[in-house]
Amino acid sequence: MIKKCLFPAAGYGTRFLPATKATPKEMLPILTKPLIQYGVEEAVEADIHTMAIITGRGKRAIEDHFDISYELEHQIKGGSKEQLLNEIRGLIKQCTFSYTRQIEMKGLGHAILTGETLIGKEAFAVVLADDLCYCEEEGVLAQMVEVYEKYQCSVIAIQEVPEDQTYKYGVIDGKLVDGTDNTYRVANMVEKPEPEEAPSNLAIIGRYILTPDIFDILRETKPGKGGEIQITDALLSQAKEGRVIAYKFKGKRFDCGSVDGFVEATNWFYDKM
Ligand code: G1P
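As a starting point, this report considers the structure included with it. (Residues numbered from 1 in each chain as written. Predicted model: local features only at pLDDT ≥ 70, side-chain atom pairs only at ≥ 80, totals over all residues. Heavy atoms only, no water.)

A few words now on the overall build of the protein chain. Looking only at helices and strands, the protein chain has ten helices and 13 strands in total. A compact globule built from 273 residues would reach a C-alpha radius of gyration of about 19 Å, and the protein chain, at 18 Å, matches this within 12%. Its C-alpha atoms give the protein chain principal-axis dimensions of about 60 × 40 × 40 Å. Within the protein chain, the fraction of its 273 residues that count as buried is 52%. (Helix = DSSP H or I, 4+ residues; strand = E, 2+ residues; numbered from the N terminus. Rg over C-alpha atoms; globule rule 2.2 N^0.38 Å. Buried < 20%, exposed > 50% of the residue type's maximum accessible area, 1.4 Å probe, protein only.)

Shown next as structure tokens:
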């Protein structure tokens, strides 16, 4: 069973400056809900209720969002606006939130390693909140938990991307397993390869289930692409032992870390209202 979900949320969000100068990028809203709330909802849908959030300087708004705001709630109590808080109140009641700060920005792998103290020795989920995923039938994390239960090893979400876009993603190579058309045993993975070096066009999306030995591997992982400690490099050690499954999920994904993806998500969720 997966009980904890880690949210790396210490990054600067430079692509959204100046909006992210004093506001965490995870708090940018798609319609009325901040990105990280969509991520927490997806975790709860997968029956995960312990949220471990990796924050940094300037990220206090995230903690305040998942807490009671006494003045505000007192002010709107009994009025028509009160129901606007129902959803977040319900969510907070179902979860516990713990936080730790990443002091230096040394990459996604380093952010995940920072979370070891909140996770301990159990398999856990990771959500990158700026990859906003939506599936009508079943959330992407819930789908991945089922895959984890079957294979009992690390699971990463993948999606086909245009071949000239591989430089934005971790890219995998692998073989389909058990006669499926969506589940691969990963043999190789490369962080942000140029198209000519990419082993395929199957790109990693910001959803992971990781077995806890990943922490020991991350401690030994040298800086890779961009001089940062990459989760892709750490996962490659597990993949070489046949212990990583890549899962082509059902549903849509919006890259809300880019302005184009953010606008696309906004329009899509607005049309769906
Ligand atoms: C990270 C990972 C990358 C993955 C991507 C998904 O990159 O390093 O492997 O494909 O998330 O969004 P980032 O987008 O944080 O640079």
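Let us now look at the site of the ligand. The local shell around the ligand consists of Leu108, Leu128, Asp131, Tyr169, Gly170, Glu191, Lys192, Ile204, Gly206, Tyr208, Gln230 and Thr232. Separating an oxygen atom of the ligand from a side-chain N or O atom of threonine 232 is a distance of 3.3 Å. The element best represented in the shell around the ligand is strand S11 (residues 202-210), accounting for three residues. Its residues assigned to classes, the shell around the ligand comprises five nonpolar, four polar and three charged. (Near = heavy atom within 4 Å. Polar contact = N/O pair within 3.5 Å; in protein donor to acceptor, adjacent residues only side chain to side chain. Nonpolar A, V, L, I, M, F, W, Y, C, P; charged D, E, K, R; others polar.)

The next point concerns helix H7 (residues 140-151). Three- or four-residue spacings in an α-helix give side chains the same orientation, since the helix completes a turn every 3.6 residues. If you check H7, its first and last C-alpha atoms are 17 Å apart, about what twelve residues at 1.5 Å a residue would give, namely 16 Å. Counting buried positions over the twelve residues of H7 gives nine, a clear majority of the element. (Expected span 1.5 Å × (residues − 1).)

Checked against the element boundaries, lysine 4 lands in strand S1 (residues 4-8). Relative accessible area serves as the criterion here: at 17%, lysine 4 is assigned to the buried category. Of the polar contacts made by the side chain of lysine 4, one reaches the side chain of glutamate 122; its length is 3.3 Å. Setting aside residues no more than four positions away along its own chain, lysine 4 makes contact with Ile48, Thr50, Leu118, Ile119, Glu122, Phe124 and Ala125. (Contact = heavy atoms within 4.5 Å.)

One pass over the full model with this rule turns up nine aromatic pairs. Taking the centre distance of 5.5 Å and the plane angle of 45° together, the rings of phenylalanine 254 and tryptophan 268 count as tilted. Pair noted here: phenylalanine 254 is in strand S13 (residues 252-255) and tryptophan 268 is in helix H10 (residues 259-272), with a separation of 14 residues, a long-range link. Its relative accessible area of 1% is what places phenylalanine 254 among the buried residues. (Phe/Tyr/Trp six-rings, centres within 6.5 Å; stacked < 30°, edge-to-face > 60°.)

Now for the pairing of S11. Burial of S11 is extensive: nine of the nine residues sit out of reach of the surface. Here strand S6 (residues 124-127) pairs with S11 via four bridges, running antiparallel. Opposite valine 126, over in S11, you have tyrosine 208 as the bridge partner. Pairing of strand S8 (residues 154-160) with S11 involves six bridges; the strand directions are antiparallel. If you follow isoleucine 156 over to S11, its bridge partner there is tyrosine 208. (Pairing = 2+ DSSP bridges.)

So, on to the environment of arginine 185. Tracing the backbone through its elements, the reader meets arginine 185 in strand S10 (residues 183-191). The exposure class assigned to arginine 185 is partly exposed, which follows from its relative accessible area of 31%. Arginine 185 has contacts with Tyr151, Cys153, Asp173, Gly174, Lys175, Val177, Gly242, Val244 and Ile245, leaving out every residue within four places of it along the chain. A distance of 2.8 Å separates a polar side-chain atom of arginine 185 from the backbone oxygen of glycine 242.

The omega torsion across leucine 17 and proline 18 is 5°, close enough to zero to call that bond cis. Looking at the secondary structure, you find proline 18 in the loop between S1 and strand S2 (29-30). In this model, glutamine 152 sits at a positive phi of 55°, which is unusual for a non-glycine residue. For lysine 192, which is not a glycine, the phi torsion comes out positive at approximately 45°. Structurally, lysine 192 is set in the loop between S10 and S11.

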